[in-house]
Amino acid sequence: MSQTSSSSSSFSSAVPSHPITVGALAGGIVGAALAAALLSILITVLCMRARNTTQAESSRRRRRSHRSNSGNSPGLLAGPEKTVSAIDERLWEQYLPQSLDDRTVQRLLKGLFDQLQLHVENFYQAGHVKVDQDVAATLAELQTPYLPGSVATTITSSRSSMPVIKHCLVYMVTQSIVNTGYKHCLLPTEYTIVASNVNPPDALKANSTAMRQAVSKWRVLTAYINQRPLAKPEARRRQDTAILAMAESFSDAFFLWDADPKDEALVRQHLVELLKTAADVATTLFTQPSSFDLRWEQPLVKANDEQRDLVVVPALMKVADEHGQSLTPAQPLTQAVIERL
Ligand SMILES: *[C@@H]1O[C@H](CO)[C@@H](O)[C@H](O)[C@H]1NC(C)=O
């Protein structure tokens, strides 16, 4: 899953809402009934054919193994040949876990995004404050490419500070989940070490589907044969360090907007717990054979309109299914949250 700069697709276009007349509706119902009947016939035919094919194939295989058994006199050659035909080369695939359905992925990410927004709403205030150079420098640590200016100038020139604070928090957390090159990473190093050193041959890179399939298999298998990457104390410590660094970086940057400065330690602890959840989400997403993408781009504004909206939470898009087949257009799983600056 990586951040792309492809054009943003609006969600409304995915759900056409044409007015339907009664006549069209009645025609539609008859048509639908016909289509259903045709479809069930088609499915029956296909199923029968599929069964026949499997039967033919297995009997062919049986015949072949039979031939290799009887055709040769017992000798050196017979042994290995028998073994080759008996082993299913794709046996390991049967042991891989089932991939999560879209709904579960959707619920996981939506839950995380909602909690991050609530964290800001509960513990920060919208008021205007003066920002000096030191604070501006700390805020710059949380800069994102989607803000109209620096964090400091955007937050002081906005109607409310809330959208900017939420945007910076969600950006930091999502980058630490999906971008292995980001300064903070919530994934275990055991997972990311290959991702950051991958250098595939040109032939594989040339075919995007083949490349995606290879990476997807690698991710799923890496996680599968390394069941508990955080079992080693140093791996656990590394993740805890990353979580603490992120919590510190965020609460230090926005301390001027604390709703209640007395609660600072508590609020930071709350964020640490949230980031642990985010780390679990990171691992879950990593182990999915499907590919997902986060879209931060917003719908284009008219030429003479000033851009005063900010994407606070990106849209989660499924860009390829578990077979590496790319989905065009990408399938939106969660919607973007856009707030006025
Ligand atoms: C990848 O290879 C397959 C099989 O040869 C082909 O059908 C497909 O169009 C190729 N895709 C790309 C993007 O080159």
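Residues take numbers from 1 onward in each chain, read along the sequence in its written order. In view of the model being predicted, local features appear only for residues whose pLDDT reaches at least 70, and side-chain atom pairs are presented and counted only at 80 or more, with totals across whole chains, interfaces and linings using the full set of residues. The side-chain quantities take in all heavy atoms of the structure and omit both hydrogens and water.

The subject of this paragraph is the overall build of the protein. A run of H or I in DSSP counts as a helix once it spans at least four residues, and a run of E counts as a strand once it spans at least two, with each numbered from the N terminus. Scanning the protein from terminus to terminus reveals 11 helices and 5 strands. Summary of the burial criterion: residues with accessible area below 20% of their type's maximum are buried, those above 50% are exposed, and those between are partly exposed, where the area comes from a 1.4 Å probe applied to protein chains only. The buried share of the protein, reckoned over its 341 residues, is 32%. By the convention used here, residues are in contact when the closest approach between their heavy atoms is within 4.5 Å. Counted over contacts in the protein with a minimum sequence separation of 6, partners at least 24 positions apart contribute 74%. Summing over all exposed atoms, the protein offers an accessible surface of approximately 20700 Å²; the carbon and sulfur share of this is 57%. Areas reported as accessible are Shrake-Rupley estimates using a 1.4 Å probe. Residue values count occlusion only from the protein chains shown.

We treat two strands as partners when DSSP finds at least two bridges between them. The pairing of strand E3 (residues 315-320) with strand E4 (residues 326-334) spans 4 bridges and is classified as antiparallel. What sits directly across from lysine 318, in E4, is glutamine 331.

Inside soluble globular proteins, nonpolar side chains tend to come together where they are buried. Ranked by size, the top nonpolar core spans 58 residues in total, and within it Tyr124, Val173, Ile177, Phe250 and Phe254 carry the most contacts. Breaking this core down by element, the ones donating at least two residues are helix H3 (102-123), helix H4 (133-140), helix H5 (151-156), helix H6 (162-178), helix H10 (233-253), helix H11 (264-286), strand E1 (291-295) and strand E2 (309-313). In this view, phenylalanine 250 contacts His119, Val120, Tyr124, Leu142, Ile165, Leu169, Met172 and Leu271; residues no more than four positions away in its chain are not counted. Residues grouped as a nonpolar core are buried Ala, Val, Leu, Ile, Met, Phe, Trp, Tyr and Cys residues, joined through side-chain atoms within 4.5 Å.

Next up on the list: the pattern of salt bridges. Whenever a carboxyl oxygen of Asp or Glu lies within 4 Å of a side-chain nitrogen of Lys or Arg, that contact is scored as a salt bridge. Throughout the structure, instances matching the rule amount to 15 salt bridges. Among the ionic pairs, aspartate 252 bridges to arginine 268, the shortest N-O distance being 3.0 Å. Of this pair, aspartate 252 sits in helix H10 while arginine 268 sits in helix H11; the two residues are 16 residues apart in sequence, bridging distant segments of the chain. Within this structure, Glu248, Asp252, Glu264 and Arg268 form a network of salt bridges that share partners.

Below, the discussion takes up H3. With 22 residues, H3 should cover 32 Å at 1.5 Å per step; its first-to-last C-alpha distance of 32 Å lies within 8% of that length. When H3 is considered as a whole, its buried residues turn out to be Val105, Leu109, Leu112, Phe113, Leu116, Gln117, His119 and Val120. Take H3 and look down its axis: the buried residues cluster within an arc of 145°, on one side only. In H3, the exposed positions that point more than 90 degrees away from the buried face belong to Arg103, Arg107 and Asn122. In a helix, the anticipated span is given by 1.5 Å times the number of residues less one. The directions from the helix axis to the C-beta atoms are what the arc is built from.

To continue, consider the environment of histidine 128. Along the chain, histidine 128 turns up in the loop between H3 and H4. Between the alpha carbons of histidine 128 and isoleucine 155 there is a distance of 8.5 Å; along the sequence they are 27 residues apart. Every residue in contact with histidine 128, bar those within four places of it in the chain, is listed here: Thr156, Ser158 and Arg159. In the analysis that follows, any N or O atom pair within 3.5 Å is treated as a polar contact, provided that within protein one partner can donate a hydrogen and the other can accept it, and provided that, for residues neighboring in sequence, both atoms belong to side chains. For histidine 128, the side chain forms a polar contact with the main-chain oxygen of serine 158, separated by 3.1 Å.

Helix axes are fitted only over the stretch in contact, all axes being lines through C-alpha atoms; the angle between N-to-C directions runs from 0 to 180 degrees. The N-to-C vectors of H3 and H11 enclose an angle of 165°; their axes lie 11 Å apart at closest approach. In terms of orientation, H3 and H11 fall into the roughly antiparallel class. The element H3 and its partner H11 pack so that their crossing is left-handed. Side by side, H3 and H11 meet where Val105, Leu108, Leu109, Leu112, Gln115, Leu116, His119 and Phe123 of the first sit next to Val267, His270, Leu271, Leu274, Ala278, Val281, Thr284 and Leu285 of the second. Polar here means any residue outside two lists: the nonpolar Ala, Val, Leu, Ile, Met, Phe, Trp, Tyr, Cys and Pro, and the charged Asp, Glu, Lys and Arg; Gly therefore counts as polar. Residues belonging to the contact of H3 with H11 are distributed by class as follows: 12 nonpolar, 4 polar and no charged. An angle counts as roughly parallel when it lies under 35 degrees, as roughly antiparallel when it exceeds 145, as roughly perpendicular when it falls between 65 and 115, and as oblique in every other case. Left-handed is the label given to a crossing in which the near helix is rotated counterclockwise from the far helix by less than a right angle, and right-handed is the label when the rotation is clockwise.

Our next topic: the packing of aromatic side chains. Only centres within 6.5 Å qualify two rings of Phe, Tyr or Trp (six-membered ring in Trp) as a pair; their planes then separate them into stacked at under 30 degrees, edge-to-face at over 60, and tilted for everything else. Considering all chains together, one arrives at 9 aromatic pairs under this definition. With a centroid separation of 6.4 Å and 90° between ring planes, the pair formed by tyrosine 171 and tyrosine 182 is classed as edge-to-face. Here tyrosine 171 is found in helix H6, whereas its partner tyrosine 182 is found in the loop between H6 and helix H7 (189-195), with 11 residues between them in sequence. Accessibility classification places tyrosine 171 together with tyrosine 182 in one group, the buried group.

The subject of this paragraph is the confidence of the model for the protein. Every residue gets a pLDDT, meaning the predictor's confidence in that residue, from 0 to 100. Per-residue confidence for the protein gives a mean pLDDT of 81, with 72% of residues at or over 70. A low-confidence stretch, residues 1-30 (pLDDT under 50), is modelled with 29 contacts involving residues beyond four sequence positions or located in other chains. Within the model, pLDDT remains below 50 along residues 52-56, and this stretch shows 0 contacts once partners closer than five positions in the same chain are excluded.

The subject of this paragraph is the sheet that holds E3. What the 3 strands build is an open sheet, ordered E1-E3-E4; its pairing is antiparallel. Only two strands of the sheet have a single partner each, and these edge strands are E1 and E4. Pairwise comparison of adjacent strand axes, ignoring direction, gives a mean angle of 35° for this sheet.

Another aspect to go through is H11. With 23 residues, H11 should reach 33 Å at 1.5 Å per residue; the first-to-last C-alpha distance of 33 Å fits that figure. Burial in H11 covers these residues: Val267, Leu271, Val272, Leu274, Leu275, Ala278, Ala279, Val281, Ala282, Leu285 and Phe286. For H11, the elements touching its buried residues are H3, H6, H7, helix H9 (208-225), H10 and E1.

Below, the discussion takes up the side chain of serine 160. You can see serine 160 is positioned in the loop between H5 and H6. Of the polar contacts made by the side chain of serine 160, one reaches the backbone nitrogen of methionine 162; its length is 3.1 Å.

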